[in-house]
Amino acid sequence: MSNPDKNVSRRAVVKGVLGGAALVAAPKVADAFPSLGKTIKWKMVTTWPKNFPGLGAGANYLAKLINEMSGGRIKVKVYGAKELVGAFEVFDAVSRGTAQMGHGAAYYWKGKHPATQFFAAVPFGLTAQEMNGWLYHGGGMALWKELYDRFDLIPTAIGNTGVQMGGWFNRKIDAVTDLKGLKMRIPGLGGEVLNRAGGTPVSLPGGEIFPALQSGSIDATEWVGPYNDLAFGLYKAAKFYYYPGWHEPGTTLEGIINKTAFNALPKDLQSIVIAACRVANQDMLSDFTARNNTALDTLVNHHGVKLLRFPDDVLKRIKMLSNEVVAEIAGQDPFSKRVYDSFSTFRKQAISWHAVSEQAYMDARTL
Ligand code: CA
């Protein structure tokens, strides 16, 4: 509206092209500024099944945001796992430019570099709030960018599950000895911790968890939290639902952008892509927070799930083992050591601060 003359002339052009047809509504930005060229088409490959609750939905939301915020100048098409590339080929596909964006989690890429795990989740690590603090204002993002630069990638955070649940068990865990021989679906560093506690970690994709738990081929499984666990029907296969999810206290989901494709964008579109990732990052945590609340209520009050806290002795033991496992990553190479030092310093300070803020308040709230 700031330049009425411009609007008039644009209408005249539209009218002329259409041969006197009625005025068309709101021309797109790209139409109004032909010098900006044609629509930029990006592909976003993901590690999730298409439209998967929470995670796949987060990818769809991010694509929609970029499309809308750019006024249609960038169109991002989302591909579920296996539609364009397999789930664990996402990193390489974006790195070589087969797709311009990827949506997944950094701990899937530990084979590329062990330090990637710090940018997703580590046992007894940071909560969602703390992860965002470390990444955006505590030095974490600069390290993440430095790590991915060698792959021609720009990393971003695009969601967080919040504290996950400890998992579904078909027998009670009363003592550390109950972990011995326990066959549990638990991936990554958490699995290594269980291994050191005498259990047997099993790696299974999401779709195979329920039948494995129901048939007794595994004794326990972790997945995400009430929202996703309810959707999988895990309460039908195991009786005891343990907390807290010590192994994934605030898992950050990852967006990766091909750096060459990003640098080819005009500055305003670069800002739009980055800002859309920040919005999607916050939105996923809000989604999980709201839906976990209602799903937990459904599980406990409608399905009779037995909600149990891991005993202190068990938590103390696995915390000790977790500290060992995480510290060993730092010993693998100098860059991992830098990330570990930054992460650990932030974690130490966050523990002190949150003892007198979040934690103290939550304790007071339930007195
Ligand atoms: Ca999990």
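One can find the structure itself at the top, above this paragraph.
Residues numbered from 1 in each chain as written. Predicted model: local features only at pLDDT ≥ 70, side-chain atom pairs only at ≥ 80, totals over all residues. Heavy atoms only, no water.

1. Considering the packing of helix H5 (residues 128-137) against helix H6 (residues 140-149)
It is the contact of H5 with H6, at a shortest axis distance of 4 Å, that shows an interaxial angle of 65°. As far as their axial angle goes, H6 and H5 are roughly perpendicular. Where H5 abuts H6, its residues Trp134, Leu135 and Tyr136 lie against Gly140, Met141 and Trp144. For the contact of H5 with H6, the class distribution of residues is 5 nonpolar, 1 polar and no charged. (Axes fitted to C-alpha atoms, helices over the stretch in contact; angles between N-to-C directions. Helix = DSSP H or I, 4+ residues; strand = E, 2+ residues; numbered from the N terminus. Parallel < 35°, antiparallel > 145°, perpendicular 65-115°, else oblique. Contact = heavy atoms within 4.5 Å. Nonpolar A, V, L, I, M, F, W, Y, C, P; charged D, E, K, R; others polar.)

2. Describing the packing of helix H7 (residues 188-196) against helix H12 (residues 312-330)
Between H7 and H12, the shortest axis-to-axis distance is 9 Å and the interhelical angle comes to 125°. In terms of orientation, H7 and H12 fall into the oblique class. The element H7 and its partner H12 pack so that their crossing is right-handed. In this structure, H7 uses Leu189, Glu192, Val193 and Arg196 to contact H12, whose residues at the interface are Arg317, Ile318, Leu321, Ser322, Glu324, Val325, Glu328 and Ile329. Residues that form the contact of H7 with H12 fall into these classes: 6 nonpolar, 1 polar and 5 charged. (Left-handed = near helix turned anticlockwise from the far one by under 90°.)

3. A word on the nonpolar core
The biggest cluster of nonpolar side chains holds 56 residues, and the ones touching the most others in it are Phe119, Trp134, Tyr148 and Phe169. Every element with two or more residues in this core is listed here: helix H4 (90-95), H5, H6, strand S4 (153-160), H7, strand S9 (240-243), H12 and helix H13 (334-356). By residue number, the principal contributor to this core is H12, which donates 7 residues. Those residues in contact with phenylalanine 169 that lie beyond four places of it in its chain are Leu182, Met184, Asp219, Ala220, Ala238, Lys239, Phe240, Tyr242 and Phe310. If you look at the next biggest cluster of nonpolar residues, it comprises 48 residues, including Ala212, Ala280, Phe288 and Leu299. (Core = buried A, V, L, I, M, F, W, Y, C linked by side-chain atoms within 4.5 Å. Buried < 20%, exposed > 50% of the residue type's maximum accessible area, 1.4 Å probe, protein only.)

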